[in-house]
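Summary of structural features
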Number of protein chains: 2
Amino acid sequence: MKRYETPTSNGDIVLSTRVRLARNLKDYPFPARLGVEDREAVNNLVKDALLTDENRDSFDYIPMQTLTPVQAVSLAEKHLISPEFASDSAGRALILAKDEDVSIMLNEEDHVRIQVIYPGLALEDAYARAEAFDKALEQKAAIAFDERLGYLTQCPTNLGTGLRASVMLHLPALAQGGTMRRLSSTIAKLGLTIRGALGDGTRAVGDIFQLSNQVTLGISETAAIQNLNAIALQIIAQEKNARAALLKDDVFIDRIWRAYGILKSAHMLSCSEMTDLVSLVRLGAAEGILDIPLETLNRLLVEMQPATINVAEGRRCTAAERDVIRAKAVKDALA
Amino acid sequence: MKRYETPTSNGDIVLSTRVRLARNLKDYPFPARLGVEDREAVNNLVKDALLTDENRDSFDYIPMQTLTPVQAVSLAEKHLISPEFASDSAGRALILAKDEDVSIMLNEEDHVRIQVIYPGLALEDAYARAEAFDKALEQKAAIAFDERLGYLTQCPTNLGTGLRASVMLHLPALAQGGTMRRLSSTIAKLGLTIRGALGDGTRAVGDIFQLSNQVTLGISETAAIQNLNAIALQIIAQEKNARAALLKDDVFIDRIWRAYGILKSAHMLSCSEMTDLVSLVRLGAAEGILDIPLETLNRLLVEMQPATINVAEGRRCTAAERDVIRAKAVKDALA
């Protein structure tokens, strides 16, 4: 998949960049107020607008009802669709790039949610790609747009640009130093938010954080992207400094090696334990302590999630079975 | 060294067997009441009695004053001498087999302490070897012996046979099951004692226990050896049963693999952590889960002790330096 295989900008700290545009068709009520038939009309209209003779072979058009619940949850684990989109399939469809760098949800909260995921820090590229789909859509369909407000969306938090951009950051050194809380409140004042991307919210599993913009009204798309990019670069610089300090500590280096040893040896690994251990090993790999491609570790973080393992196995495994499958896959990946 | 390299009886559970005979010369007061000159007379008398033209090349005669304190402590770590013997060198000497399976302390608490260490369970062989030295001594020197009491020793707890025999047992499954306390009190009733062989007494580091006889009066050497052997075999059988049950638990198997992973990866290992991890790995190796020679692990347990590392390095390392040296040696041994 493109999202972890391509050479990346700031790949030592940035796992991926995500840009999402929310758009609605002028001539239809928001999806919540649409019956299945109308939703399908929207799906077809958007599909015909976005899939052309040139790009059709690179995409799959997937009515969500054709997926099993486990397949849908796996797509959510990979951030290709929202958890809400996975939970109800009626009249919903997904346009998914074969290399999974573009996913377009049809009849999620809005009629169209164009999403681009790129590896590393690539906000402008990802935005440009999303914008190209947006332009293609506007050429074929009347979009709900207000001169004063901008793009109209079901939820007012998306009103205006309809743009949500985020950067997935690996911040083990900042998290270790306990500076995330302070960083988080500083960032809130700048109209952005940073939060643990994995886990149940009580802690940031694997020290992986998502930085995203919050303001969509009264700001241009370009300004929003530039703003987010500037803050991301500042956090990256802070993490680099914190890593340099942390890696002078032999005890911490030893923790990295032990994490590597456990990943290579354990016969059972829960998803959260694996994520925490991969986080340490990824830091070691990024800093030249361990000779492991970051892509391998990025891939494990995505593919070793529960539903994604179930999909790969073609059945609903128990958690205990998955822990064994996960441990073996991790061992093989690091061999 | 013979003590861990030879094929052994019950080597999966028994690390080593030790037999020690305490003897005193009739014509000299006990060492505590001897000046350095008389002690040296005793040393020379015993050396001439025990070292012959046939065996002289296999032994070193070591006046303890020629050793550095670290070298002496290393010998104590290997159980070749007592800690007390290491602590004061005046007028003391050691006859040490080059392969370290025989060590004879001169002017410890008694004039002569003949000790044989063999790998695995080998009480009768070890006793026979010690007895041969005892016979050689008796042919050349008058031994303090009382018709009614038996061999006379400084401490009344050794009076009679002067025999102390012990078996070093690796009992991870019994220790895991929490049955050691009950086992210990049963064994006390049989005139034996079992206690953690490593650590500060608060817990048995590495689940390694020493089973030894306590009674020296009113029992023959042969009976004492047979008695100890019978109890050792019973404990071995119990440990085997407990292992069979324990190894049905996948979570425990996973602990073994993780211990192996940490030993192969850590860059710092304290002695007690290493011992605990080697204990788990040794169980895995003994039960066919890991393909590692038990000798390798037995050797690590002996040679990775602090003073023994200092001797190998030829200097007094700090604990932190030793932890790094130990981790590297363990990694190399398991590579």
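Cut-offs and rules
- Residues numbered from 1 in each chain as written.
- Chains lettered and ligands numbered in written order.
- Predicted model: local features only at pLDDT ≥ 70, side-chain atom pairs only at ≥ 80, totals over all residues.
- Heavy atoms only, no water.
- Contact = heavy atoms within 4.5 Å.
- Buried area = accessible area lost by both parts, 1.4 Å probe.
- Salt bridge = Lys/Arg side-chain N within 4 Å of Asp/Glu carboxyl O.
- Polar contact = N/O pair within 3.5 Å; in protein donor to acceptor, adjacent residues only side chain to side chain.
- Helix = DSSP H or I, 4+ residues; strand = E, 2+ residues; numbered from the N terminus.
- Nonpolar A, V, L, I, M, F, W, Y, C, P; charged D, E, K, R; others polar.
- Axes fitted to C-alpha atoms, helices over the stretch in contact; angles between N-to-C directions.
- Parallel < 35°, antiparallel > 145°, perpendicular 65-115°, else oblique.
- Left-handed = near helix turned anticlockwise from the far one by under 90°.
- Core = buried A, V, L, I, M, F, W, Y, C linked by side-chain atoms within 4.5 Å.
- Buried < 20%, exposed > 50% of the residue type's maximum accessible area, 1.4 Å probe, protein only.
- Least-squares fit on C-alpha atoms with pLDDT ≥ 70 in both.
- Pairing = 2+ DSSP bridges.
- Domains from an automatic or database assignment.
- Expected span 1.5 Å × (residues − 1).

Taken together, the contacts link 14 residues of chain A with 14 residues of chain B. Summed over both partners, the interface of chain A with chain B buries about 1,300 Å², with 61% contributed by carbon and sulfur atoms. One can count 2 salt bridges joining chain A with chain B. The salt bridge involving Arg258(B) is made with Glu273(A); its shortest N-O contact spans 2.6 Å. Our enumeration of links across chain A and chain B arrives at 12 residue pairs in polar contact (both at pLDDT 80 or more). When residues of the side of chain A that touches chain B are assigned to their parent elements, the largest contribution, 9 residues, is made by helix α9 (residues 250-265) of chain A. By residue class, the composition of the side of chain A that touches chain B is 7 nonpolar, 3 polar and 4 charged.

So, on to the packing of helix α5 (residues 123-140) of chain A against helix α8 (residues 221-246) of chain A. All names here are of chain A. Two numbers describe how α5 lies on α8: the axes approach to 10 Å, and their chain directions differ by 155°. Comparing the axis directions of α5 and α8 gives the class roughly antiparallel. At the point where α5 passes α8, the crossing takes the right-handed sense. Counting all contacts with α5, which are made through Leu123, Glu124 and Tyr127, the residues of α8 involved are Glu221, Ile225, Gln226, Leu228 and Asn229.

Here we take up the nonpolar core. Membership of the largest hydrophobic core comes to 70 residues, with the highest contact counts inside it found for Leu263(A) and Leu263(B). Elements supplying a minimum of two residues to this core: α9, α10 (271-286), α11 (294-303) and α13 (319-334) of chain A together with α9 (250-265), α10 (271-286), α11 (294-303) and α13 (319-334) of chain B.

Time to look at the packing of helix α12 (residues 306-313) of chain A against α13(A). For any two helices packed against each other, the geometry is given by the interaxial angle and the distance between the axes. Residues and elements named next belong to chain A. At a closest axis distance of 11 Å, the pairing of α12 and α13 adopts a crossing angle of 80°. Of the possible angle classes, the one that applies to α12 and α13 is roughly perpendicular. In this structure, α12 uses Pro306, Ile309, Asn310 and Glu313 to contact α13, whose residues at the interface are Arg322, Ile325 and Arg326. Here the residues of the contact of α12 with α13 sort into 3 nonpolar, 1 polar and 3 charged.

Attention now goes to the relation of the copies chain A and chain B. Take chain A, turn it by 180°, move it 0.0 Å along the axis, and it overlays chain B with an RMSD of 0.0 Å. The two molecules are tied by a two-fold rotation axis, judged by turn and shift. Relative to the rotation axis, the closest C-alpha in chain A is found at Gly261(A), a distance of 2.1 Å. A shared binding surface is used by both copies, with 100% of the interface residues of chain A retained as interface residues in chain B.

Quick look at the sheet that holds strand β8 (residues 163-170) of chain A now. Residues and elements named next belong to chain A. Spatially, the 8 strands line up as an open sheet ordered β2-β3-β4-β5-β1-β8-β10-β9, and their pairing is antiparallel. Two strands close off the open sheet at either side, each with one partner strand: β2 (59-63) and β9 (192-196). Within this sheet the neighbouring strands show an average axis-to-axis angle of 15°, counted without direction. Relative to strand β5 (residues 112-119), strand β4 (residues 102-106) is paired through 5 bridges, and the arrangement is antiparallel. Counted as the bridge partner of Ile104 is Ile114 from β5. Of the strands in this sheet, β1 (14-23), β2, β4, β5 and β8 are in contact with α5, which crosses β1 at around 25°. Packing of helix α7 (residues 180-189) onto the sheet brings it into contact with β9 and β10 (208-213), and relative to β9 it is tilted by some 150°.

Residues and elements named next belong to chain B. A sheet is described by the order of its strands in space; here 8 strands give the open sequence β2-β3-β4-β5-β1-β8-β10-β9, paired in antiparallel fashion. Only two strands of the sheet have a single partner each, and these edge strands are β2 (59-63) and β9 (192-196). Neighbour-to-neighbour, the strand axes of this sheet turn through a mean angle of 15°, independent of strand direction. Inspection of the sheet shows strand β1 (residues 14-23) paired to strand β5 (residues 112-119) by 8 bridges, in the antiparallel sense. Looking at β5, one finds that Leu21 is bridged to Ile114.

Now for the domain arrangement of chain A. Residue and element names in this part refer to chain A. The domain architecture assigned to chain A consists of domain 1 (3-243) and domain 2 (250-334). With 26 residues of domain 1 in contact, the opposing surface of domain 2 contributes 24 residues. Taken over both partners, the interface formed by domain 1 and domain 2 buries close to 2,100 Å², and the fraction arising from carbon and sulfur atoms is 58%. Linking domain 1 to domain 2 there are 1 salt bridge. A salt bridge links Glu287 to Arg243; its shortest N-O distance comes to 3.1 Å. Run the count over domain 1 and domain 2 and you get 12 residue pairs in polar contact (both at pLDDT 80 or more). Within the residue set of the side of domain 1 that touches domain 2, elements represented by two or more residues are α1 (2-5), β1, α3 (69-77) and α6 (172-176). Broken down by element, the residue count for the side of domain 1 that touches domain 2 peaks at 6 residues, all from α3. Tallied by class, the residues present in the side of domain 1 that touches domain 2 amount to 11 nonpolar, 7 polar and 8 charged.

A separate point is α9(A). Under the 1.5 Å per step criterion, the end-to-end length of α9(A) is 22 Å for 16 residues, consistent within 8% with the ideal 22 Å. Within α9(A), 12 of the 16 residues are buried, which leaves the element mostly enclosed by the surrounding structure. Every buried residue belonging to α9(A) is among Phe252(A), Ile253(A), Asp254(A), Ile256(A), Trp257(A), Arg258(A), Ala259(A), Tyr260(A), Gly261(A), Ile262(A), Leu263(A) and Ser265(A), and all of these are buried. Residues of α9(A) that are buried sit in contact with α6, α8, α10 and α13 of chain A together with α9 and α10 of chain B.

This part is about the side chain of Thr308(A). All names here are of chain A. As for its position among the elements, Thr308 is in helix α12. Of the residues examined, Thr308 reaches a relative accessible area of 8% and is grouped as buried. Within polar-contact distance, the side chain of Thr308 engages the side chain of Ser74 at 2.9 Å. Ignoring sequence-local partners within four residues, the contact set of Thr308 consists of Ser74, Glu77, Lys78, Val302 and Glu303.

The subject of this paragraph is the pattern of salt bridges. Side chains carrying opposite charge are able to pair once their charged atoms draw close together. Under the counting rule described, the total for this entry stands at 34 salt bridges over all chains. Arg113(A) serves as the salt-bridge partner of Glu108(A), at 3.4 Å between the closest nitrogen and oxygen. Here Glu108(A) and Arg113(A) have matching classes, each one buried. With its nearest N and O atoms 2.8 Å apart, the salt bridge here joins Asp53(B) to Arg56(B). A relative accessible area of 65% means that Asp53(B) is categorised as exposed. The exposure class assigned to Arg56(B) is partly exposed, which follows from its relative accessible area of 39%.

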